[in-house]
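Below are the chains, spelled out letter by letter.
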Amino acid sequence: MSRVPRASQLEADSPIHRIFYASQSDTVRLGRRIGTGAEGEVYEIQAKSDLVAKVYHEPPPPEKAEKLVVLSRLGNERLFNLSAWPVSTLRDAPDGEIVGFVMKNISQAEEVHALHSPKSRLQKFPEASWAFLIYVAANIARAVAAIHEHGLVIGDVNPKNILVTSKATVYLLDVDSFQVSAEGKTYRCEGGFLEYTPPELQGVAFREIDRAQEHDSFGLGVVIFQLLFMGRHPFSGRYFGAGEMPLERAIREFRFAYGVEAEARKMRQPPGTLALDSMPPPLVNLFRRAFLSTDRPQAREWIEPLDALAKALKKCELHSGHYYYRKLRDCPWCGIESQAGVRLFNFLFPGDDSRRGHFLLDEIWKEIAGIEAPHIPLIQWDKISKAHSPSTEVTAFREGWNNRFTIALVSSAFFGLVITLLLPLPYSVELLILAGLGAYSYAIVNAPLLQNIRERQRLAREHARRLQEKYNSESESERWAAKQAELLKQKETYENLAEIRQLRLQQMEAESRNNQLDEFLDRFEINGANIQGISPAEKAALLSHGVETAADVCEIEAIIQIPLIDYRRANWLHKWRRDLENKFVFDPVKGVLRETRIKTERELDELRFRLEIELSGGARHLRHLKRQIENDKLKLQHELEQSRQEIAQAEKDLAVASKHHLVALIMAALIITFISGLAMRNC
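Within every chain, residues take consecutive numbers counted from 1 along the sequence as written. In view of the model being predicted, local features appear only for residues whose pLDDT reaches at least 70, and side-chain atom pairs are presented and counted only at 80 or more, with totals across whole chains, interfaces and linings using the full set of residues. The basis for every side-chain value is the complete set of non-hydrogen atoms in the structure, without hydrogens or water.

## Here we look at unusual backbone geometry
Although it is not a glycine, Ala168 sits at a positive phi angle of roughly 75 degrees. The helix count covers DSSP runs of H or I at least four residues long, the strand count covers runs of E at least two residues long, and both are numbered beginning at the N terminus. Mapped onto the elements of the fold, Ala168 is located in the loop between strand E8 (162-164) and strand E9 (170-172). Residue Asp174 is not a glycine yet carries a positive backbone phi of 50 degrees.

Pasting the structure below:
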């Protein structure tokens, strides 16, 4: 298959940078692989974003290679715009063998069968109403008509070979399997699905026959029918004849399961499906011709009736997403949804189209899951610059202290000599002691400065401790994990919307049944009933406590609180109620009101819309949160590094300010000069 999936749907491969050659010997450099299939792989082409290359796993046989050459020569702008038509062949050398072909890059498109299932349609085409399906059907008819006008036969017409965009634009795939004739030779289509094969070709080997455009017409009729009838096959129904009725046999025997004459063919359409007469008569006639005769409508014949139907729709009064043929009295989709218990179309909110886009949960979640947790680097403490020199204040203090020490040392030596020479011994000793104390006091360190440095060191350490605790805190990681968990819960809720809807409908139906049961039981009054074991006096006690009918008979524990009522009598009351319940028959006609059901549907659709908004912005929110966390941590890291540097500076200042010369030198100088003076005086 030559479909080109979106690159985000596949694991992007590394560019292989292989070189091939187009039909005109132009160099083709391959980029990433963006698709793979049974026959080959699809690659981007470097410097040509509008084209891609399909490379076969094995070189095609000579006949298929010839067919590719023929197709590339027949190509024109019209064919390029409506299909994956070969723009040129792809060779492994300028004159080498054909290994693939170049085609138009088709992106942002889904296979048409995604519109069949309610689940895939609501997810991949959330705004698709029945009108959208009609437009798609008409555009498929236009594409097939264009192929036929070029004298070609598709052969393998099926929904997997058709892509559709959110704008209802369609593209045909597997062009290299089309049947084409040139220069008296026919290159056949050797594939096909039996569900889309006309009766006359059932059981026939495709490689042995030449197909005709009328055979395509049958497959086209089935594709259009499935679009308009919610994926139902026209020949899939209930067979009430003898034996089994497989789909291939039903097609072969023209057992069209829809229409007023279906029972004559022993077929009945499945329950919960759209009736054939929900269409305008021209379309009904086209379907009958397509499935009950060999005079099948050509592709061009479908276009005008489908366009006319799209213009003849009206909107349901109860459901904004329901559109149906305006000549019908009631909305058929409301009845089908109620009967089948499934939601076929979303509510459409006026003015929300610009916000609601093409919601693709898988791609959105892949983007969310691809965002890595915030990077919080470890602090490189060994790389934080240490204080190599004391502060200016401490440096000035140190210089002043050195000067004071020198003065004290010289002064002590001078006074030690002078005192000895001028004063007698008893007095000189006393004065010597006073001189030593004075010199020591003059040289001593400024205590307030040291106290200030120690306080600065203590405050820096306390600040660093608080910053470190905040940096090591798990609060940021918890905030990240909480947002991830919130998005995961929203994803799971979105994926389970169908189950949530079914549960709510079941709850409403259960409530409706309980209400009908209460109404039924409320008709049976205790006072006039013959209840085993319950006397008139006990009935009076019950009535005085509000137990008047069978509907009022509640739990045994509550009933035995009433005077005269014990466990035995409470059990008799419950038996009486159970006997009445067994006679109750639920009336589905009086079940859940349609307005109540529609209200629930609207609430669920609004929930879906809110989840889409939250999930669509999930990746952006995570990126913002990641930047915020990383910036906060970076700021804290910077503050912590500064605080550590302040501690280092305080430690350096304290070490320098506390470093003293030996004060004993002052005393030694004083004593030495004193002894020298004594010696001089005794000489």
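## A short note on the nonpolar core
Core analysis: the largest hydrophobic core is formed by 85 residues, its most contacted members being Trp130, Ile140, Leu228, Trp302 and Trp333. Top contributing element to this core by residue count: helix H4 (residues 130-149), with 15 residues. Note on contacts: a residue pair is in contact if any heavy atoms of the two residues lie within 4.5 Å. Setting aside chain neighbours within four positions, we find Trp302 in contact with Ala141, Leu220, Gly221, Ile224, Leu283, Leu286, Phe287, Ala290 and Pro297. By convention a nonpolar core is built from buried Ala, Val, Leu, Ile, Met, Phe, Trp, Tyr and Cys residues, the set being connected through side-chain atoms within 4.5 Å. Buried means the residue's accessible area, taken with a 1.4 Å probe over protein chains only, is under 20% of the maximum for its type, while exposed means over 50%, and partly exposed covers the values in between. With 21 residues, the next largest nonpolar core counts Leu517, Ile534, Ile565 and Leu573 among its residues.

## Observations regarding the packing of aromatic side chains
Side-chain rings of Phe, Tyr and Trp, where Trp is taken by its six-membered ring, are said to pair if the distance between their centres is within 6.5 Å; with planes under 30 degrees apart they count as stacked, over 60 as edge-to-face, and otherwise as tilted. With the rule as written, the count across this model stands at 22 aromatic pairs. Arranged with centres 5.0 Å apart and planes meeting at 70 degrees, the rings of Phe225 and Tyr258 form a pair that is edge-to-face. Of this pair, Phe225 sits in helix H5 (residues 213-228) while Tyr258 sits in the loop between helix H6 (247-252) and strand E13 (267-268), and the two are 33 residues apart along the sequence. Side by side, Phe225 and Tyr258 carry an identical accessibility label, which is buried. One aromatic cluster in this structure is built from Phe218, Phe225, Phe229, Phe235, Phe256, Tyr258, Phe287, Phe291 and Trp302. In our convention, an over-ring charge means Lys NZ or Arg CZ found within 6 Å of a ring centre and within 35 degrees of that ring's normal. Arg121 extends its terminal NZ or CZ atom over the ring of Phe345, reaching a point 5.4 Å from the ring centre. The residue whose ring lies beneath Arg211 is Phe206, and the NZ or CZ to ring-centre distance is 4.0 Å.

## Regarding the sheet that holds strand E3 (residues 40-45)
Sheet strands associate in pairs through backbone hydrogen bonding, adopting either a parallel or an antiparallel arrangement. In spatial order, the strands read E1-E2-E3-E4-E6-E5; together these six strands close into a barrel with antiparallel pairing. Within this sheet the neighbouring strands show an average axis-to-axis angle of 45 degrees, counted without direction. Whether two strands pair comes down to DSSP finding at least two bridges between them. Across three bridges, strand E1 (residues 19-22) lies against strand E2 (residues 27-36) in antiparallel orientation. Bridge pairing in E2 links Phe20 to Val28. Inter-axis angles, ranging from 0 to 180 degrees, are taken between N-to-C directions of lines fitted to C-alpha atoms, where helices are fitted over the stretch in contact.

## Focus on the pattern of salt bridges
Any Lys or Arg side-chain nitrogen located within 4 Å of an Asp or Glu carboxyl oxygen qualifies as a salt bridge. Within this structure, the stated rule accounts for 38 salt bridges. Put simply, Arg188 and Asp210 hold a salt bridge, and the shortest N to O gap is 2.6 Å. Residue Arg188 is found in the loop between strand E11 (185-187) and H5, and its partner Asp210 is found in the loop between E11 and H5; the two are separated by 22 residues along the sequence. By relative accessible area, Asp210 is classed as partly exposed at 43%. A salt bridge links Glu261 to Arg265, with the nearest nitrogen and oxygen atoms 3.9 Å apart. We classify Arg265 as buried; its relative accessible area is 13%. Connected via shared salt-bridge partners are Glu39, Lys54, Lys64 and Asp176.

## A short note on helix H8 (residues 299-311)
Within the sequence span of H8, burial applies to Ala299, Trp302, Ile303, Pro305, Leu306, Leu309 and Ala310. Along its buried surface, H8 packs onto H4, H5, helix H7 (281-292), strand E14 (313-315) and strand E15 (323-325).

## Examining the side chain of Asn346
Tracing the backbone through its elements, the reader meets Asn346 in the loop between helix H9 (332-340) and helix H10 (353-356). Judged by relative accessible area, Asn346 falls into the buried class, the value being 2%. A 3.5 Å cut-off defines polar contacts: any pair of N or O atoms within that distance qualifies, except that in protein one atom must be a possible hydrogen donor and the other a possible acceptor, and neighbouring residues in sequence count only when both atoms are side-chain atoms. A distance of 2.8 Å separates the side chain of Asn346 from the backbone oxygen of Pro126, its partner in a polar contact.

## Observations regarding the environment of Val547
Tracing the sequence through the fold places Val547 in the loop between helix H17 (536-544) and helix H18 (556-559). Given the relative accessible area of 6%, Val547 is considered buried. In sequence terms Val547 and Asn527 are 20 residues apart; their C-alpha atoms lie 9.8 Å from each other. The contacts of Val547, once residues within four sequence positions are left out, are Ile526, Leu542, Asp552, Val553 and Ile562.

## Side note on the packing of helix H16 (residues 497-521) against helix H19 (residues 567-581)
Contact pair H16 / H19: the axes reach a minimum separation of 10 Å and the direction vectors enclose 115 degrees. The hand of the H16/H19 crossing is right-handed. Here Leu517, Phe520 and Leu521 of H16 lie close against H19, whose contacting residues are Arg577, Leu580 and Glu581. For this classification, Asp, Glu, Lys and Arg are treated as charged, while Ala, Val, Leu, Ile, Met, Phe, Trp, Tyr, Cys and Pro are nonpolar and the rest, including Gly, are polar. Of the residues in the contact of H16 with H19, the class split is four nonpolar, no polar and two charged. Left-handed is the label given to a crossing in which the near helix is rotated counterclockwise from the far helix by less than a right angle, and right-handed is the label when the rotation is clockwise.

## Brief notes about the sheet that holds E9
Read across the open sheet, the three strands follow the order E7-E8-E9; overall the sheet is antiparallel. Both edges of this open sheet fall to strand E7 (110-111) and E9, since each of them pairs with a single strand only. The sheet contact formed by E7 and E8 spans two bridges and is antiparallel. What sits directly across from Glu110, in E8, is Val164. Sitting on the sheet, H4 is in contact with E8 and E9, with an inclination near 35 degrees to E9.

## With respect to the confidence of the model for the chain
Caution applies to low-pLDDT parts of the model: their predicted coordinates are not meant to be read in detail. Counting all residues, the mean pLDDT for the chain is 84, and 89% of those residues have values of 70 or more. Confidence drops under a pLDDT of 50 for residues 1-16, and excluding neighbours within four residues, the segment shows 54 contacts in the predicted structure. Every residue in residues 351-357 scores below 50 in pLDDT, and together they form twelve contacts with partners more than four places removed in sequence or on other chains. Along the chain, pLDDT gives the predictor's confidence residue by residue, from 0 to 100.

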